[in-house]
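Summary of structural features
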Amino acid sequence: QVRLVESGGGLVQPGGSLRLSCAASGSIFSINTMSWYRQAPGKERELVADITSGGSTNYADSVKGRFTISRDNAKNTVYLQMNSLKPEDTAIYYCHADARARILSAYADYWGQGTQVTVSS
């Protein structure tokens, strides 16, 4: 199976920056779209940004101009650079990948365990 592990979360002051990483490992044949989701306390999980294997990106309106998603296909890793952070960005951030394992013939959804991002003064 494909395993996703997030890192880079933590506590940051408003206006600060964090860079999240998500590394995919396992017997991977290929990865299509990779995404970042987040879930704030009392809220539903929402899509933050995604990026296709070709590099096309998409962002939630709430993070446009502040967050940047990127990926390193050689490392099977996706990043989320978060700048100008606001308290409302506080949430657990989850990595998602549409990937195919070598032993399977179809793509499937894979999720990371999540990493906490807290923006507070």
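Being a predicted model, the structure only gives us computed values, none of them experimental. (Residues numbered from 1 in each chain as written. Predicted model: local features only at pLDDT ≥ 70, side-chain atom pairs only at ≥ 80, totals over all residues. Heavy atoms only, no water.)

Turning our eyes to something else, we now look at the overall build of the chain. Each helix and strand in the chain was counted, giving 0 helices and 11 strands. If you list the helices and strands of the chain from N to C, you get β-β-β-β-β-β-β-β-β-β-β. Whereas a compact globule of 121 residues would reach a radius of gyration of roughly 14 Å, the chain reaches 14 Å, a difference of no more than 12%. Taking the principal axes of the C-alpha coordinates as reference, the chain spans close to 45 × 25 × 25 Å. Out of the 121 residues belonging to the chain, those deemed buried represent 41%. Contacts in the chain between residues at least 24 apart in sequence constitute 55% of all its contacts with a sequence separation of at least 6. Accessible area of the chain: about 6200 Å², with a carbon and sulfur share of 46%. Taking the average place of the 12 positive charges on the side chains of the chain and the average place of its 10 negative ones, the gap between the two points comes to 6 Å. (Helix = DSSP H or I, 4+ residues; strand = E, 2+ residues; numbered from the N terminus. Rg over C-alpha atoms; globule rule 2.2 N^0.38 Å. Buried < 20%, exposed > 50% of the residue type's maximum accessible area, 1.4 Å probe, protein only. Contact = heavy atoms within 4.5 Å. Areas by Shrake-Rupley, 256 points an atom, 1.4 Å probe, with all protein chains shown as cover. Lys, Arg positive; Asp, Glu negative; His and termini not counted. Charge placed at Lys NZ, Arg CZ, Asp CG, Glu CD.)

A few words now on the environment of Gly-54. Considering the arrangement of structural elements, one finds Gly-54 in the loop between strand S5 (46-51) and strand S6 (57-59). The spacing of Gly-54 and Val-2 is 52 residues in sequence and 20 Å in space, taken between C-alpha atoms.

Bringing the packing of aromatic side chains into the picture now. Tallying each qualifying case throughout the model produces 1 aromatic pair. A centroid spacing of 5.0 Å and a plane angle of 55 degrees characterise the contact between Tyr-37 and Trp-111, whose relative ring orientation is tilted. Taken as a pair, Tyr-37 in strand S4 (residues 28-39) and Trp-111 in strand S10 (residues 108-111) lie far apart in primary sequence, 74 residues in all. Between the NZ or CZ atom of Arg-45 and the centre of the ring of Trp-111, over which it lies, the distance is 4.8 Å. In this structure, Arg-100 is placed above the aromatic ring of Phe-29, and the distance from its NZ or CZ to the ring centre is 4.2 Å. (Phe/Tyr/Trp six-rings, centres within 6.5 Å; stacked < 30°, edge-to-face > 60°. Lys NZ or Arg CZ within 6 Å of the ring centre and 35° of its normal.)

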